[in-house]
Amino acid sequence: MFELNHIRFAYGSKTVVDDINLRFERGHFYGVIGPNGCGKSTLIDLLAGHLNPNCGEIRLNETPLSTYSRKELSSQISIVPQDFRINFPYTCQEIVMMGRYPYIPKFAQPDRRDWAVVDRVIHETDLTGFETRFVNQLSGGERQRVVFARCLAQETPVLLLDEATSNLDMHHTLTLLNLASRRVLENSLVISVMQDINLAAMYCDRLVCMRDGKVFASGPVEEVLSARTLQSVFHVDVNVEKNDFSGNLQVTFKKEMSH
């Protein structure tokens with residue numbers, strides 16, 4: 001669905017994304033990994049159309065991303081941002097319903113299908129009972145679940161997740177990533193920035209590993225997730241082997257021993 005050709009982006013004189021060439025295809029769960037400041041979140045913002053590249057072109061479904069209107073993009077791409085802050089006291093149900101706005105005609109009210117979708121994703125994301133609570137009064141993890149629910153309610157073929165589970169406990173992290181995986185099985189495309197390498201190994205079937213604004217390695221998880229790659233990118237000693245319990249690759253670390 002996405003083609004990135006020689007993409008470059010800079011904030012002033014600082015180049016953040018440098019000559020990126022990638023393809024992202026439907027039916028896959030892509031994880032984007034790399035050190036802090038390597039350009040992962042900027043890449044997500046470029047894919048969402050929130051930023052325009054200084055050089056190169058991004059194409060969505062073979063059409064330049066820059067030619068899409070905001071409404072057209074909202075029916076194709078939904079995003080869970082790294083940091084969602086809102087001071088206005090919307091209820092959780094109102095926030096989730098915002099995901100349906102691309103399908104509601106101007107000046108019209110949500111119809112039965114819109115309400116059915118909202119009710120379903122509220123249940124799926126374990127937010128039942130939160131409907132009338134104000135989003136600005138929730139904890140960071142609860143608020144993140146509401147934004148994730150809004151993303152799911154949008155029912156787009158592309159889901160962009162920028163550290164979407166960073167504030168969540170283990171149960172809700174697995175719940176939301178399972179929901180994203182189901183969308184992949186339904187032929188959606190998920191691209192997720194992830195700090196937890198083992199979660200990336202568990203849920204993703206493709207990885208993009210970035211370093212200093214460039215793609216250091218990309219491809220199937222089994223090819224990218226090697227001790228050599230992780231040592232080169234993160235500068236840590238690691239061991240990578242298949243875990244019998246999960247059936248996935250697992251990265252283990254050795255702490256520095258004090259003397």
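What comes next concerns the included structure. The structure displayed is predicted, hence computed values, not measured ones. (Residues numbered from 1 in each chain as written. Predicted model: local features only at pLDDT ≥ 70, side-chain atom pairs only at ≥ 80, totals over all residues. Heavy atoms only, no water.)

Observations concerning the packing of aromatic side chains
Piece 1. Per the stated rule, a full pass over the model turns up 3 aromatic pairs.
Piece 2. With centroids separated by 4.8 Å and ring planes inclined at 85°, the aromatic side chains of F9 and Y11 adopt a geometry described as edge-to-face.
Piece 3. Since its relative accessible area comes to 8%, F9 is described here as buried.
Piece 4. Here R145 stacks its cationic end above the ring of F130, 5.4 Å away from the centre of that ring. (Phe/Tyr/Trp six-rings, centres within 6.5 Å; stacked < 30°, edge-to-face > 60°. Buried < 20%, exposed > 50% of the residue type's maximum accessible area, 1.4 Å probe, protein only. Lys NZ or Arg CZ within 6 Å of the ring centre and 35° of its normal.)

Brief notes about the pairing of strand 7 (residues 158–162)
Piece 1. Counted residue by residue, strand 7 has 5 buried out of 5 residues, so it is predominantly covered.
Piece 2. Residues V158, L160 and D162 of strand 7 are buried on one face, and the alternating residues L159 and L161, pointing to the opposite face, are buried as well.
Piece 3. Summarising the sheet, strand 6 (residues 77–80) and strand 7 pair through 4 bridges and their orientation is parallel. Of the residues in strand 7, the one forming a bridge with I79 is L160.
Piece 4. One ladder, built from 5 bridges, connects strand 7 with strand 8 (residues 189–193); its direction is parallel. Note on strand 8: the bridge partner recorded for D162 is V193.
Piece 5. The handedness of the strand 7 to strand 8 crossover, carried by helix 6 (residues 170–185), is right-handed. (Helix = DSSP H or I, 4+ residues; strand = E, 2+ residues; numbered from the N terminus. Pairing = 2+ DSSP bridges. Right-handed = clockwise from strand over helix to strand, strands pointing away.)

A short note on helix 4 (residues 112–124)
Piece 1. A rise of 1.5 Å per residue sets the reference length of helix 4, with its 13 residues, at 18 Å; its end C-alpha atoms lie 18 Å apart and thus fit the reference within 8%.
Piece 2. Along helix 4, the residues classified as buried are D114, V117, V118, V121 and I122. Seen end-on, helix 4 carries its buried residues on one side only, within an arc spanning 130°. Facing away from the buried side of helix 4 by over 90 degrees, the exposed positions are R112 and H123. (Expected span 1.5 Å × (residues − 1). Arc of directions from axis to C-beta.)

Remarks on the side chain of R143
Piece 1. Mapped onto the secondary structure, R143 falls in helix 5 (residues 140–153).
Piece 2. We classify R143 as buried; its relative accessible area is 18%.
Piece 3. Setting aside its immediate chain neighbours within four residues, R143 contacts F84, V135 and L138. (Contact = heavy atoms within 4.5 Å.)

A look at the sheet that holds strand 10 (residues 214–220)
Piece 1. Spatially, the 6 strands line up as an open sheet ordered 6-7-8-3-9-10, and their pairing is mixed. Each edge of the sheet is formed by a strand with only one pairing partner; in this case those strands are strand 6 and strand 10. Across the sheet, the axes of successive neighbouring strands diverge by a mean angle of 15°, strand direction being ignored.
Piece 2. Relative to the sheet, helix 5 contacts strand 6 and strand 7, its axis offset from that of strand 6 by approximately 175°. (Axes fitted to C-alpha atoms, helices over the stretch in contact; angles between N-to-C directions.)

A closer look at the packing of helix 5 against helix 6
Piece 1. At a minimum axis distance of 12 Å, the contact between helix 5 and helix 6 shows a crossing angle of 10°. By the criterion of interaxial angle, the relationship of helix 5 to helix 6 is roughly parallel. Each of R145, F148 and L152 in helix 5 lies in contact with helix 6, whose residues at this interface are H172, L176, L179, A180 and R183.
Piece 2. Residues of the contact of helix 5 with helix 6, tallied by class, amount to 5 nonpolar, 1 polar and 2 charged. (Parallel < 35°, antiparallel > 145°, perpendicular 65-115°, else oblique. Nonpolar A, V, L, I, M, F, W, Y, C, P; charged D, E, K, R; others polar.)

Interpretation in functional terms is not warranted from these geometric data alone.
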